[in-house]
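Listed here are the chains, written in short residue letters.
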Amino acid sequence: MKFFIDTANLAHIKEANDLGILDGVTTNPSLMAKEGIKGQENILKHYADICALVEGDVSAEVLSTDFNGMVEEGKKLAAIHKNIVVKVPMIKDGIKAIKWFTDNGIRTNCTLVFSAGQAILAAKAGATYVSPFIGRVDDSNWDGIVLIEQLSHIYSVQGFDTQILAASIRNALHIVRSAEAGAHVCTCPLDSILGLLKHPLTDIGLAKFLEDAKKM
Ligand code: E4P
């Protein structure tokens, strides 16, 4: 399973990248706004800065919701760097735009996916990635991991090439369960990635080893 970091924060991206396990980055308009990125020029520059930091796919989201607007924006985003993946919302014009991008050699990430039916449409349109939001599914009293399992089964029996990108990750357990359920990629905030490191028995064991090492 590939690891993407889900942030527009350059320091977090650098810290995760320095671990040596980072395969890419996802952003969304909320994450960009959180970093205070405003105006088209600054937005494009920020994506270029992220691409310069990480050797891997970087999802950049279109803001338009009509077919022509998404295509025009997507072309500009894709021109920033070869690693840019155009992130497109799961709406009717979004599916048309994903098909257009697929036919024109531009890779896509279909975002805001909450059902298997939506994921089938994204795969049929040729999306490179499909992003089921498992944390938000959990928030609505359904089970986000069950959705990953369902997509994994459907994509496997149907032979779809689209990669399942588990998104809206809230903790380290979501990462482990996404891996178990067959996600190809997990996009996680830095805290969830670092959360994978933690186990109290590791801390206790290391303290004991260091104490005993003094007697060596
Ligand atoms: C990633 O591509 C999504 O935009 C992101 O994971 C959404 O996460 P959230 O539900 O924590 O906002």
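To be clear, the structure that these remarks concern was listed above.
Residues numbered from 1 in each chain as written. Predicted model: local features only at pLDDT ≥ 70, side-chain atom pairs only at ≥ 80, totals over all residues. Heavy atoms only, no water.

Thoughts on the site of the ligand
What counts here: Near is defined per residue: the residue qualifies when any heavy atom it owns lies within 4 Å of the molecule or strand. For this analysis, a polar contact is any N or O atom pair within 3.5 Å, provided that within protein one partner can donate a hydrogen and the other can accept it, and provided that sequence-adjacent residues contribute only side-chain to side-chain pairs. Note that accessible areas follow from Shrake-Rupley with a 1.4 Å probe, and for residues the cover is restricted to the protein chains shown.
In the vicinity of the ligand, the contacting residues are Asp 6, Thr 26, Asn 28, Lys 87, Phe 133, Arg 136, Ala 167, Ser 168 and Arg 170. In the model, an oxygen atom of the ligand is placed 2.7 Å from a nitrogen or oxygen of the Ser 168 side chain. Contacts to the ligand include Arg 170, whose side-chain N or O atom sits 3.2 Å from an oxygen atom. A total of 350 Å² of accessible area belongs to the ligand in isolation, and the protein chains cover 84% of it.

Describing a nonpolar patch on the surface
We count it as follows: Residues with no salt bridge and a relative accessible area higher than 30% make up the patches, which join like charges within 9 Å and nonpolar side chains (Val, Leu, Ile, Met, Phe, Trp, Tyr) within 5 Å. Between Lys or Arg on one side and Asp or Glu on the other, a salt bridge is scored when a side-chain nitrogen of the former is within 4 Å of a carboxyl oxygen of the latter. We count a stretch as a helix when DSSP gives it H or I for four or more residues in a row; a strand needs E for two or more, and each element gets its number in order from the N terminus.
Nonpolar side chains collect at one region of the surface, where Leu 173, Val 176 and Leu 196 lie side by side and expose about 260 Å² of accessible area between them. When you line up the elements, Val 176 lands in helix α9 (residues 172–181).

Side note on the pairing of strand β3 (residues 57–61)
Put simply, the rule reads: Exposure classes here rest on a 1.4 Å probe applied to the protein chains alone. A residue is buried below 20% of its type maximum, exposed above 50%, and partly exposed in between. Here, strands pair whenever DSSP counts at least two bridges between them.
In terms of residue burial, β3 counts as a mostly covered element, since 5 of its 5 residues are buried. Because side chains alternate across β3, one face comprises the buried residues Asp 57, Ser 59 and Glu 61, and the other comprises Val 58 and Ala 60, equally buried. Taken together, the 3 bridges between strand β2 (residues 24–26) and β3 define a ladder with parallel strand orientation. Residue Gly 24 lies in a different strand from β3, and its bridge partner there is Asp 57.

A short note on the pattern of salt bridges
Summed over all chains, the structure comprises 11 salt bridges. Among the salt bridges present, the one from Asp 212 reaches Lys 208, with a minimum N-O distance of 2.9 Å. With a gap of 4 residues between them, Asp 212 and Lys 208 both fall in helix α11 (residues 200–213), about one helical turn apart. Assessed through its relative accessible area of 25%, Asp 212 is described here as partly exposed.

What to know about helix α8 (residues 144–158)
For the α-helix, the turn length of 3.6 residues means that residues three or four positions removed from each other point alike. To be explicit about the condition: The span expected for a helix works out to 1.5 Å for each residue beyond the first. Any two residues whose heavy atoms approach within 4.5 Å at even a single point are treated as in contact.
The end-to-end C-alpha distance of α8 is 21 Å, a good match for the 21 Å that 15 residues give at a rise of 1.5 Å each. Among the residues of α8, those classed as buried are Gly 144, Ile 145, Leu 147, Ile 148, Leu 151, Ser 152, Ile 154 and Tyr 155. Summarising the contacts, the buried residues of α8 are in contact with β5 (108–113), α6 (116–124), β6 (129–132), α7 (134–139), β7 (163–166) and α9. The N-cap of α8, judged by a side-chain oxygen 3.0 Å from the amide nitrogen of Ile 145 a few residues on, is Asp 143. In the stretch just after α8, Gly 159 is the one whose phi turns positive, near 70 degrees.

What to know about the sheet that holds strand β8 (residues 185–188)
We apply this condition: Whenever a helix is involved, its axis is fitted only over the stretch in contact; in every case the axis is a line through C-alpha atoms, and angles between N-to-C directions fall within 0 to 180 degrees.
Strand order in the closed barrel formed by 8 strands is β1-β2-β3-β4-β5-β6-β7-β8, with parallel pairing between adjacent strands. If you compare each strand with its neighbour and ignore which way they point, the axes differ by 30 degrees on average. The pairing of β3 with strand β4 (residues 84–89) spans 4 bridges and is parallel. Bridge pairing in β4 places Val 58 opposite Ile 84. Together, β2, β3 and β4 form the strand contacts of helix α3 (residues 40–53), whose direction differs from that of β3 by roughly 165 degrees.

Considerations on the packing of aromatic side chains
Convention followed: Aromatic rings from Phe, Tyr and Trp, taking only the six-membered ring of Trp, are treated as a pair when their centres fall within 6.5 Å; an angle between ring planes under 30 degrees marks them as stacked, one over 60 as edge-to-face, and anything in between as tilted.
Under the counting rule described, the total for this entry stands at 4 aromatic pairs. With a centroid separation of 5.7 Å and an interplanar angle of 75 degrees, the aromatic rings of Phe 4 and Tyr 129 are classed as edge-to-face. Taken together, the residues Phe 4 in strand β1 (residues 2–6) and Tyr 129 in strand β6 connect sequence positions 125 residues apart. Relative accessible area serves as the criterion here: at 1%, Tyr 129 is assigned to the buried category. Seen in terms of ring centroids, Trp 100 and Phe 101 are 5.7 Å apart; in terms of plane orientation they differ by 80 degrees. Their pairing is edge-to-face.

By themselves, these are just geometric observations and shouldn't be taken as functional.
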